[in-house]
Amino acid sequence: MPSPLDSAESILSEARSVTDARLAQRAAKLREDPGGRDGEALAYALEAPGKRVRPALVLASYRAAGGHHPGIAGVAAAVEIVHTYSLVHDDLPCMDDDAQRRGRPTLHVRFDVATATRAGYLLVPVAVQELVRGLGELGLSPEQVGPMADRMLEASGLRGMVAGQWLDLMAEGTPVSRDGLVDMHRRKTGALIEAACLMGAMAAGATERVIDTLGEYGREVGIAFQIADDLLDATATTEELGKTAGRDVTLAKATYVSLLGIDAARDAAHQHGAAARRILQEGGIGSPALETLAGYIVERRS
Ligand code: GRG
């Protein structure tokens, strides 16, 4: 039987190809307007080679819910742009202060801190523009568009990513309970992953039941994703990760590994991955792609 890593490769490779085409178009436009150093910095961020897990989840959830329009690539790209600008800011000296990301110098190292700070903020509206473009192509009704935009924006804001990042920074060097850690992970990383799954389902015009099921799946893989990230930081090399390994210990971060140790953290990741697959089964959603992605998210090596 092929491993989830092998089976996931074709799913991720398709997500990379459809998403990267959109990101390349945005990068080319931004090189013209605003152009100059800001344009170059924005393009550098958009062209960085990520795994594209969130786009893969948008595409797989959309198809699992019966969707088949290519315009869904715009939704996938929008979610990836949110993720991309979060990484740009995450790496800044005032946050995690990292010099490497996606196998390249971080944006503030390649350009400068002011340019990277600006680039992160400038990508916020670019993500919304990409979402609007994708939703337009899908020809969705205003009743569908509003809640979808709401999902992405809530996941990236004070209830989601920004709040999670804040909690993460505040927790450096201080003891955190397991509940506190789960809450932080759900917001910082899980909210956008859950939104990716929900938005895929909503774009397909799925029933409430299917949307809820895919949202629950997204919550489980969202937590599994961050636990795997914590494990990789402790066990993989900088070369494998494309970002500095061991950073969590250096920064005294609250992580699953610091709270539970490697073995229990690995067990927890597997439990969340299994829960995600069970949710699909119990919800009657037959999606080999989502099942494979749940396995990949737990087992991944980068
Ligand atoms: C700029 C308005 C504004 C907000 C930013 C900095 C911030 C708020 C949020 C940070 C959130 C963050 C960095 C979460 C970590 C998520 C995570 C596990 C990232 C690694 O994702 P991968 O492995 O990376 O998918 P690639 O590079 O493959 O895409």
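1. Structural notes on the site of the ligand
Reasoning step 1: Close to the ligand lie 20 residues; Lys51, Arg54, His83, His89 and Arg102 are nearest.
Reasoning step 2: Here an oxygen atom of the ligand sits 2.8 Å away from a polar atom, N or O, in the side chain of Arg54.
Reasoning step 3: Where the shell around the ligand is concerned, the elements lending two or more residues are α4 (72-90), α8 (161-170), α9 (178-203) and α10 (208-235).
Reasoning step 4: The residue inventory of the shell around the ligand, partitioned by class, reads six nonpolar, seven polar and seven charged.

2. With respect to the layout of surface pockets
Reasoning step 1: The computed volume of the second largest pocket comes to approximately 270 Å³.
Reasoning step 2: Every residue lining the second largest pocket is counted, 14 residues in all, and those nearest its centre are Ala155, Arg159, Gly160, Ala191 and Glu194.
Reasoning step 3: Put simply, the parts of the chain that give the lining of the second largest pocket at least two residues each are α7 (142-156) and α9.
Reasoning step 4: Looking at which element gives the most residues to the lining of the second largest pocket, the answer is α9, with eight residues.
Reasoning step 5: Residue composition of the lining of the second largest pocket, by class: four nonpolar, two polar and eight charged.

3. Thoughts on empty space enclosed by the protein
Using a probe with the size of a water molecule, rolled over the atoms, empty space left in the structure can be pinpointed.
Reasoning step 1: This structure, assessed with the given rule, holds one cavity of 30 Å³ or more.
Reasoning step 2: Considering only enclosed or pocket space, the largest cavity measures out at about 140 Å³ in volume.
Reasoning step 3: Residue lining of the largest cavity: 13 residues in total, with Ala45, Ala48, Val88, Arg101 and Leu107 positioned closest to the centre.
Reasoning step 4: Residue assignment for the lining of the largest cavity shows that the elements contributing at least two residues are α2 (36-46), α4 and β2 (104-105).

4. Some remarks on the side chain of Glu130
Reasoning step 1: Among the structural elements, Glu130 can be located in helix α6 (residues 113-138).
Reasoning step 2: Classification of Glu130 as buried rests on a relative accessible area of 0%.

5. Quick notes on the pattern of salt bridges
Reasoning step 1: Scanning all chains against the criterion turns up 26 salt bridges.
Reasoning step 2: In this structure, the salt-bridge partner of Arg37 is Asp112, at a minimum N-O distance of 2.8 Å. Here Arg37, found in helix α2, pairs with Asp112, found in the loop between α5 (107-110) and α6; they are 75 residues apart in sequence, far enough to count as distant.
Reasoning step 3: With a shortest N-O distance of 3.8 Å, Arg247 and Asp98 are connected by a salt bridge. Separated by 149 residues along the polypeptide, Arg247 in helix α12 (residues 247-250) and Asp98 in the loop between α4 and β1 (100-101) bring together distant segments of the chain.
Reasoning step 4: On the basis of relative accessibility, which here comes to 8%, the residue Asp98 falls in the buried class.

6. Observations regarding the side chain of Ser156
Reasoning step 1: Checked against the element boundaries, Ser156 lands in helix α7.
Reasoning step 2: At 2.5 Å, the side chain of Ser156 forms a polar contact with the backbone oxygen of Met152.

Criteria and cut-off values
Residues numbered from 1 in each chain as written. Predicted model: local features only at pLDDT ≥ 70, side-chain atom pairs only at ≥ 80, totals over all residues. Heavy atoms only, no water. Near = heavy atom within 4 Å. Polar contact = N/O pair within 3.5 Å; in protein donor to acceptor, adjacent residues only side chain to side chain. Helix = DSSP H or I, 4+ residues; strand = E, 2+ residues; numbered from the N terminus. Nonpolar A, V, L, I, M, F, W, Y, C, P; charged D, E, K, R; others polar. 1 Å grid on protein atoms, 1.4 Å probe; cavity = no way out; pocket = protein on both sides within 12 Å on 5 of 7 lines; lining within 4 Å. Points joined across faces, edges and corners; volume = space filled by probe spheres on them. Buried < 20%, exposed > 50% of the residue type's maximum accessible area, 1.4 Å probe, protein only. Salt bridge = Lys/Arg side-chain N within 4 Å of Asp/Glu carboxyl O.

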